[in-house]
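Below, each chain spelled out in residue letters.
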Amino acid sequence: MTTTPLRTLGVPPNAWSVNAAIADITRPPLAPHVITLTTETKTLRLDLAKAAILVIDMQNDFCHPDGWLAHIGVDVSPARTPIVPLQGLLPLLRSVQVPIMWVNWGNRPDLLNISAASRHVYNPTGDGVGLGDRLPANGAPVLTKDSWAAAVVDELEPKPDDIRVDKYRMSGFWDTPLDSILKNLGKTTLFFAGVNADQCVMATLQDANFLGYDCLLLTDCSATTSPDYCWKATLYNVNQCFGFVTDSHALLTAMK
């Protein structure tokens, strides 16, 4: 008797195997890849098969000298410090199948899902260069999806298998598919990188914690253009309330 082969339906590990007569809904787990990682507060045993890294807002508007932050007078040199550590870390994470997720601020061009309050934060007088307005230097619309402004900086070229998620608030989970994607991929442990550590990175990390994810902030892969006390408060609050603090050196050592 010939049995029709089963076909995969869905994204492993949240996938079924099906044919006309059978639906196998056991969802076999991914093979574990357990490492021991040192953090500032505890030594962790974690499974890289259940991990992903969220690289937040390492994009031109926040990190490039011709981007929006630089245009409004912010020194973006601190925002560029994660570039070199990420250049060393991301290839090795890819080699062990840890998904690289680029979570960039990329609004709809019509801004229909952006409130007046959100727009006021970035253009309090109403006559400045705010969300969706074009930068004088190159005409790129500020924080707009598929524009130069929302693109990852050239030094951190995303690869075809990386995952991109557009966000529209400081948190990458608000009004986006990020949570659904992570759940489909079976990811419960999240490494956090990017800028600004005290704003978009922290808001995303907090929401991840509230949703039940295990959160690890990578200090050398994160940065902020805010005053130093904001950075110190971020580290304190992650350690105290929302997860663990470590760096790429500790992670690379653990992976060896």
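Participant: Lay out the pattern of salt bridges with the relevant residues and their values.
Facilitator: Two side chains of opposite charge can pair, provided their charged atoms sit close to one another. Applying the stated criterion across every chain yields a total of seven salt bridges. A salt bridge links Asp 166 to Lys 145; the shortest N-O distance between them is 2.6 Å. Here the residue Asp 166 occupies a position in strand β8 (residues 163–167), and Lys 145 occupies one in the loop between α4 (116–122) and β8, the gap between them amounting to 21 residues. The exposure class assigned to Lys 145 is partly exposed, which follows from its relative accessible area of 38%.

Participant: Report on the sheet that holds β8, specifying residues and quantitative values.
Facilitator: Read from one edge of the open sheet, six strands run β8-β7-β6-β9-β10-β11, paired in parallel fashion. At either margin of the open sheet sits one strand with a lone partner, and together these are β8 and β11 (244–246). When the angles between neighbouring strand axes are averaged without regard to direction, this sheet yields 25°. In the packing of helix α6 (residues 197–210) onto the sheet, the strands contacted are β6 (51–56), β7 (100–105), β8, β9 (189–194) and β10 (214–222), and the crossing angle to β9 comes to about 170°. Helix-sheet contacts for helix α8 (residues 248–255) involve β9, β10 and β11, and the interaxial angle to β10 is about 115°.

Participant: Let's hear about the pairing of β9: which residues, and what values?
Facilitator: Side chains on a regular strand alternate between the two faces of the sheet. Counting buried residues in β9 gives six out of six residues, a clear majority hidden from the surface. Inspection of the sheet shows β6 paired to β9 by six bridges, in the parallel sense. If you follow Ile 56 over to β9, its bridge partner there is Gly 194. With five bridges joining them, β9 and β10 adopt parallel strand pairing. Across the sheet, Gly 194 pairs through a bridge with Ser 222, a residue of β10. You can see the chain leave β9, run along α6 and come back into β10, and the turn it takes is right-handed.

Participant: Describe the nonpolar core, listing the residues and the values that go with them.
Facilitator: By size, the foremost hydrophobic cluster in this structure holds 73 residues, and its most contacted members are Ile 53, Leu 190, Phe 191 and Phe 192. Ignoring sequence-local partners within four residues, the contact set of Phe 191 consists of Leu 37, Leu 46, Leu 48, Ala 51, Ala 52, Ile 53, Leu 54, Leu 216, Leu 218 and Leu 251.

Participant: An account of a nonpolar patch on the surface is requested, with residue identities and associated values reported.
Facilitator: On the surface, Leu 9, Trp 16 and Ile 25 cluster together into a nonpolar patch covering about 290 Å² of accessible area. You can see Leu 9 is positioned in strand β1 (residues 7–11).

Participant: I'd like to hear about the packing of helix α3 (residues 83–95) against α8, residue by residue, with values.
Facilitator: The geometry of a pair of packed helices is captured by two quantities: the angle between their axes and the separation between those axes. Remark: α3 packs on α8, axes separated minimally by 10 Å, with the N-to-C direction vectors making an angle of 25°. Overall, the two elements α3 and α8 adopt an arrangement that is roughly parallel. For α3 against α8, the interelement crossing comes out left-handed. Here Pro 85, Leu 89, Leu 92 and Leu 93 of α3 lie close against α8, whose contacting residues are Ser 248, Leu 251, Leu 252 and Met 255.

Participant: Report on the sheet that holds strand β2 (residues 14–18), specifying residues and quantitative values.
Facilitator: Read across the open sheet, the three strands follow the order β1-β2-β3; overall the sheet is antiparallel. Only two strands of the sheet have a single neighbouring strand rather than two, namely β1 and β3 (23–24). Two strands pair when backbone bridges link them, and β1 and β2 are joined in this way by five bridges, in the antiparallel orientation. Counterpart to Arg 7 in the pairing with β2 is Val 18.

Basis of the calculations
- Residues numbered from 1 in each chain as written.
- Predicted model: local features only at pLDDT ≥ 70, side-chain atom pairs only at ≥ 80, totals over all residues.
- Heavy atoms only, no water.
- Salt bridge = Lys/Arg side-chain N within 4 Å of Asp/Glu carboxyl O.
- Helix = DSSP H or I, 4+ residues; strand = E, 2+ residues; numbered from the N terminus.
- Buried < 20%, exposed > 50% of the residue type's maximum accessible area, 1.4 Å probe, protein only.
- Pairing = 2+ DSSP bridges.
- Axes fitted to C-alpha atoms, helices over the stretch in contact; angles between N-to-C directions.
- Contact = heavy atoms within 4.5 Å.
- Right-handed = clockwise from strand over helix to strand, strands pointing away.
- Core = buried A, V, L, I, M, F, W, Y, C linked by side-chain atoms within 4.5 Å.
- Patch = residues over 30% accessible without salt bridge, like charges linked within 9 Å, V, L, I, M, F, W, Y side chains within 5 Å.
- Areas by Shrake-Rupley, 256 points an atom, 1.4 Å probe, with all protein chains shown as cover.
- Parallel < 35°, antiparallel > 145°, perpendicular 65-115°, else oblique.
- Left-handed = near helix turned anticlockwise from the far one by under 90°.

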